[in-house]
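# Commentary on secondary and tertiary structure
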There are 2 protein chains.
Amino acid sequence: MPTIPARRFAMQRLHAGQSIKVIDSSGGQVIDTWAFTIPSTPAFPRYMSMTHTRSTLQKLLPSVNESFLDNRRDPILTIVEDTSPGAHDVLYAACSPERYLQLGGHKDHDNCADNLRSAVQQCTEPSFSHVVGFLESGWMPDPLNLFMKVNINGTKLQCLDPDSKAGDYIVLKAEQECIIMQ
Amino acid sequence: MPTIPARRFAMQRLHAGQSIKVIDSSGGQVIDTWAFTIPSTPAFPRYMSMTHTRSTLQKLLPSVNESFLDNRRDPILTIVEDTSPGAHDVLYAACSPERYLQLGGHKDHDNCADNLRSAVQQCTEPSFSHVVGFLESGWMPDPLNLFMKVNINGTKLQCLDPDSKAGDYIVLKAEQECIIMQ
């Protein structure tokens, strides 16, 4: 079972029907997650899309036995099991060099946007050469921020401490051949 | 003053500091809106990003005198004035051929995603050739759905009838050289 070191990334290819269990091993960890399909010919892959999921399901987030959709509104990942309290954010962008600069930090601070770029660069799928170009142009699909808890109060958003405990996990089943990047 | 026919599109280039007034002429109309910057050299433009706006402002939507941000988290459009009740959706994807098929309609039904693709194809900015390629690959930035009212109830989303009245308008000021597409 691979462990993702803090501030680093991992990727896993899944065939349709295969599942991945993502464990919050120490509790209170947020894990930015993306999914891209594997086209059969070199072409730009579909990607898991928070906005298409929201507007088709008419929910912020799928529940257990419901699916995240891709940017063509087809199921890509189904939540099969979730032992956490069920708070996962779908409203926040991945942290990025620009964000750390705005917060008074350094642009070279490890961040999820750069992690995704690194993961895609290391991906050997021929179709992914397109994705590198998109990401280098500044494109960044909305992540699924596993175990991140965001409260909506009117129009205000508030990041709260994650309420997942050590060992909490979520199981995601691939509905299409895809690569999960985290 | 140009009128956007129902189900059609328009675009307007703005210099930094210029404003555009978008009027709901008949009341209860939703106007999907996108903004792209004009790079000084041929390059992929930045785009108005709902998710970067949300996560930087920590709000679903800017208020009057606050700005939508681009995908590098810089201001791109500021809300200068808004005579509507202030409901504008930032959670729903643009309607698309796939959506009409899922709803039992026809894939050739006029839709906002195709409208954006048409607008970009007609745009003469050299940098926009990249955008056409991205859009044809299935990319679609989250729109700002002006005057669209969405209620959040727990995790459920509910589209309500727009509460804008005939003549209600919003004024958006460009913070960067950009093109608005609607």
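So, a few notes on the structure that sits alongside this text.

Calculation criteria
- Residues numbered from 1 in each chain as written.
- Chains lettered and ligands numbered in written order.
- Predicted model: local features only at pLDDT ≥ 70, side-chain atom pairs only at ≥ 80, totals over all residues.
- Heavy atoms only, no water.
- Least-squares fit on C-alpha atoms with pLDDT ≥ 70 in both.
- Pairing = 2+ DSSP bridges.
- Helix = DSSP H or I, 4+ residues; strand = E, 2+ residues; numbered from the N terminus.
- Contact = heavy atoms within 4.5 Å.
- Phe/Tyr/Trp six-rings, centres within 6.5 Å; stacked < 30°, edge-to-face > 60°.
- Buried < 20%, exposed > 50% of the residue type's maximum accessible area, 1.4 Å probe, protein only.
- Lys NZ or Arg CZ within 6 Å of the ring centre and 35° of its normal.
- Axes fitted to C-alpha atoms, helices over the stretch in contact; angles between N-to-C directions.
- Parallel < 35°, antiparallel > 145°, perpendicular 65-115°, else oblique.
- Left-handed = near helix turned anticlockwise from the far one by under 90°.
- Nonpolar A, V, L, I, M, F, W, Y, C, P; charged D, E, K, R; others polar.

Another aspect to go through is the relation of the copies chain A and chain B. The two copies are related by a screw operation: chain A maps onto chain B through 180° of rotation and 0.0 Å of translation along the axis, at an RMSD of 0.0 Å. What we have between these two chains is a two-fold relation. Using C-alpha coordinates, one finds that chain A approaches the rotation axis most closely at Phe134 of chain A, a distance of 3.9 Å.

Our focus in this paragraph is the pairing of strand S7 (residues 149–153) of chain A. Residue and element names in this part refer to chain A. Of the pairings in the sheet, the one linking S7 to strand S8 (residues 156–160) comprises five bridges and is antiparallel in character. The residue bridging Asn151 from the neighbouring strand is Gln158, located in S8. Hairpin connection between S7 and S8: a loop of two residues separates the two successive antiparallel strands, and Gly154 in this loop has a positive phi of roughly 65°.

In this fold, Thr33 of chain B is placed in strand S3 (residues 31–37). Dropping the residues within four chain positions of it, Thr33 of chain B is found in contact with Met48, Pro143, Leu144, Leu146, Ile180, Met181 and Gln182 of chain B.

Moving on to the packing of aromatic side chains. Across all of its chains, the model carries 11 aromatic pairs over all chains by this definition. When the ring of Phe134 of chain A is compared with that of Trp139 of chain A, the centres are 5.7 Å apart and the planes differ by 85°; the resulting orientation is edge-to-face. Of the two residues, Phe134 of chain A and Trp139 of chain A, both sit in the buried class. These aromatic residues form a ring-pair network of at least three members: Phe44, Tyr47, Phe134 and Trp139 of chain A together with Phe44, Tyr47, Phe134 and Trp139 of chain B. The ring centre of Tyr169 of chain A lies 4.2 Å from the NZ or CZ of Lys21 of chain A, which sits over that ring.

Before going further, it helps to spend a moment on the packing of helix H3 (residues 112–122) of chain B against helix H4 (residues 128–136) of chain B. Residues and elements named next belong to chain B. Remark: H3 packs on H4, axes separated minimally by 9 Å, with the N-to-C direction vectors making an angle of 155°. The orientation of H3 relative to H4 falls into the category roughly antiparallel. As for how H3 packs across H4, the hand of that crossing is left-handed. Contacts between H3 and H4 involve Leu116, Arg117, Val120 and Gln121 from the first element and Phe128, Val131, Val132, Leu135 and Glu136 from the second. Looking at the contact of H3 with H4 residue by residue, the classes come out as six nonpolar, one polar and two charged.

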